[in-house]
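So the chains spell out like this:
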Amino acid sequence: MAKILGSGKTIFESMEQVEAANEQSKWAPFQNEGEWELARFLMKNIGQTKMDEFLKLNIVWKSGMSFDNAHSFLKYMDRLHTGLGWSCEMIDVEGNIVAEDGTLRHEQLELWQCDPIECIQELMGNLAFWDVMSYIPKHAYTEADGENHIYDEMWTGNWWWDVQARLPDGAVVTPVILSSDKTTLSQFSGDKKVWPVYLTIGNISKDVRCQVSAHATMLIGYLPVSKLKCFQKKSWSLAGYHLFHHAMSLLLHPLADASHHGREMVFHPILAAYIVDFPEQCLVACNKESRCPCCLVQSNKHGDLEECTSRSMADTYKTLQCMRKNKRSRKFNTKGLHAVFDPFWKELPFTDIFICLTPDILHQLHKGIFHDHLVQWCISIVAMTQYPALCHFKKGISLVSQWTGTEHKEMQRVFVGLLAGAAEDHVLVLQQHMDTTLAAMEESLKTFHDYKHVLVELEVCKDFNVQKIHSMQHYISLIHALGSADGYNTKYPEQLHINYAKDGYWASNKCDYVEQMALWLQCQEAVHYKSTYLAWRKSQPNLSINTAPCQ
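Keep in mind it's a predicted model, so treat the numbers as computed, not measured.

**A few points about the pairing of strand S7 (residues 193–201)**
If a strand is regular, its side chains alternate between the two faces of the sheet. Counting buried positions along S7 gives eight out of nine residues, so the element sits mostly inside the fold. Taken together, the five bridges between strand S5 (residues 172–180) and S7 define a ladder with antiparallel strand orientation. Along S7, the bridge assignment pairs Ser 179 with Tyr 198. In this structure, strand S6 (residues 183–184) lies alongside S7, joined through two bridges in antiparallel fashion. What sits directly across from Thr 183, in S7, is Val 194. Here S7 pairs with strand S8 (residues 218–223) via five bridges, running antiparallel. Looking at S8, one finds that Trp 195 is bridged to Leu 223.

Right, dumping it as structure tokens:
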């Protein structure tokens, strides 16, 4: 069990103390509420050129504002609490193409990063999350006698209990949840891309951490994106794997150190989940995309329902080192690995990277199993019907070029009616699982595999050797470990791209844009901190709180 070892001040309480010591108002460095509201509006909505034009208007100049141009305005913004500091580390990549001078070509790449431990401290010390924060694992049951285990939040899963048992008494587990997703910034043309890495913690309730507006997920870095032209074309894929793992090792080094030794706040940040789509799951796991990143099933057996040996971190790393030493390894080929000899996860204690790879509801189920396969199978054998309570696709579904999550759900409601003969007003989406619902899931999957041969006999499809079908076999064990799968949806990182990538890019001049994005985000975070702090001040009684439980 976690113990309270002392007390300390939160960020907001420290900010309040500084204001009192300097005899400043809560609106400082601005004169009053009106000036602060204007500053927040300008920072969020107006570029520097238009800002200059606005502040030079006669009516604004006569109002007595503390700033009269963009430069002086930004000086005031610099005085706000900015949160995390950004740093840039240069990565020297040596290729395998010989240059004209006889040396191997090199490429200099930038890794922009924040300290992940400071991110975790910010989240754990944020008073906005105190009511939705848990510091210890819990067992929950539907029955008073301890029957029918409930799997919901991360702290109801088995992983937290297992890790807690391996740590000293009183240690607080901080389950770290990472997500990353390379995204395109330029529209219609161009190849400007960025690769954000996000961090949140499992101590915060999934309902809150999955809200973009809650700021419960923080950007900790931009991984380098390069075409790696210093390598021969046949080496691009493997070089990309090496670059990713090297950059992640640099980014997560403070996390590895803290996981080994804990921090002065007596919390142990441990990587528990990594939310990525399938290609990045293979990138993280160092395996080929023809293989499962979680188990050792053969590439031609994805359509079979059979028990397969789970991948082991220790055994995988041992195989990689054997390949490095001997240049050949039977196990290396059998496991379908890439020659990444220094994976970033080798330094992370208490972490099993293959359990960290969570179910991908968006790509595996909504877009994968349902849209790419089930829809096509059923179109082949059933005619589309109309039902008043359902969305009616008047022009059919084959002409829909861009599918959103909402449209996928509407189609799923239609298909329930087609396949079951009658449709309810909604499709059940389980945000909380129990032993009984997981047993029903397992039985449903078994039933599908028992009768899937009918689709082959009807010539609807040739076989079921599809990785996304195989991935469903891992859902139950992952829910047992980490809680219900809706807390790890890849839809959420894609929504974060708007705030943490695309908006920053369009606020830049499109040259050396990553550095400008980092600076722009610092300003946006400063505005958010100030707004959240003022909301906290408004909720407090006249007598401020001086202490807070140690995190």
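After presenting the structure, the write-up continues.
**Overview of the nonpolar core**
Among the nonpolar cores identified, the biggest contains 108 residues, and Met 248, Tyr 274 and Phe 344 are the most heavily contacted of them. With twelve residues, helix H21 (residues 513–539) is the largest single contributor of residues to this core. In this view, Tyr 274 contacts Leu 178, Ser 179, Ser 180, Phe 244, Met 248, Val 284, Phe 344, Cys 356, Leu 357 and Thr 358; residues no more than four positions away in its chain are not counted. Trp 155, Trp 160, Ala 171 and Val 173 belong to the second-largest nonpolar core, a separate cluster that totals 16 residues.

**Structural notes on a nonpolar patch on the surface**
Residues Ile 381, Tyr 451, Val 454 and Leu 458 make up a contiguous nonpolar surface patch of roughly 390 Å² in combined accessible area. Secondary-structure assignment places Tyr 451 in helix H16 (residues 435–451). Taking the relative accessible area as the measure of exposure, Tyr 451 reaches 56% and is therefore exposed.

**With respect to a negative patch on the surface**
On the surface, a cluster of negative charge is contributed by Glu 143, Asp 145, Glu 147 and Asp 435. Here Asp 145 lies in the loop between helix H6 (116–124) and strand S4 (150–151).

**Focus on the packing of aromatic side chains**
In the structure shown here, the tally under the stated rule is 19 aromatic pairs. Pairing Phe 12 with Trp 536 gives two aromatic rings, centres 5.8 Å apart and planes at 40°, and the pair type is tilted. Placement of the pair is Phe 12 in helix H1 (residues 11–21) and Trp 536 in helix H21, with a sequence separation of 524 residues. You can call Phe 12 buried: its relative accessible area is 5%. Put simply, the rings of Phe 30, Trp 36, Phe 67, Phe 73 and Tyr 76 touch in pairs and so form one group of aromatic residues. The side chain of Lys 510 reaches across the aromatic face of Tyr 505, ending 5.5 Å from its centre.

**Quick look at the side chain of Arg 209**
Along the chain, Arg 209 turns up in helix H8 (residues 206–209). Put simply, Arg 209 is tucked away with no salt bridge, and the nearest opposite charge, on Glu 153, sits 4.3 Å away. Of the polar contacts made by the side chain of Arg 209, one reaches the backbone oxygen of Ile 204; its length is 2.9 Å. In contact with Arg 209, not counting residues within four places along its chain, are Glu 153, Ile 177, Thr 200, Ile 201, Gly 202, Ile 204, Ala 216, Thr 217, Gly 487, Tyr 488 and Tyr 492.

About the thresholds
- Residues numbered from 1 in each chain as written.
- Predicted model: local features only at pLDDT ≥ 70, side-chain atom pairs only at ≥ 80, totals over all residues.
- Heavy atoms only, no water.
- Buried < 20%, exposed > 50% of the residue type's maximum accessible area, 1.4 Å probe, protein only.
- Helix = DSSP H or I, 4+ residues; strand = E, 2+ residues; numbered from the N terminus.
- Pairing = 2+ DSSP bridges.
- Core = buried A, V, L, I, M, F, W, Y, C linked by side-chain atoms within 4.5 Å.
- Contact = heavy atoms within 4.5 Å.
- Patch = residues over 30% accessible without salt bridge, like charges linked within 9 Å, V, L, I, M, F, W, Y side chains within 5 Å.
- Areas by Shrake-Rupley, 256 points an atom, 1.4 Å probe, with all protein chains shown as cover.
- Salt bridge = Lys/Arg side-chain N within 4 Å of Asp/Glu carboxyl O.
- Lys, Arg positive; Asp, Glu negative; His and termini not counted.
- Charge placed at Lys NZ, Arg CZ, Asp CG, Glu CD.
- Phe/Tyr/Trp six-rings, centres within 6.5 Å; stacked < 30°, edge-to-face > 60°.
- Lys NZ or Arg CZ within 6 Å of the ring centre and 35° of its normal.
- Polar contact = N/O pair within 3.5 Å; in protein donor to acceptor, adjacent residues only side chain to side chain.

Honestly, that's just the spatial picture; any functional story needs more than this.
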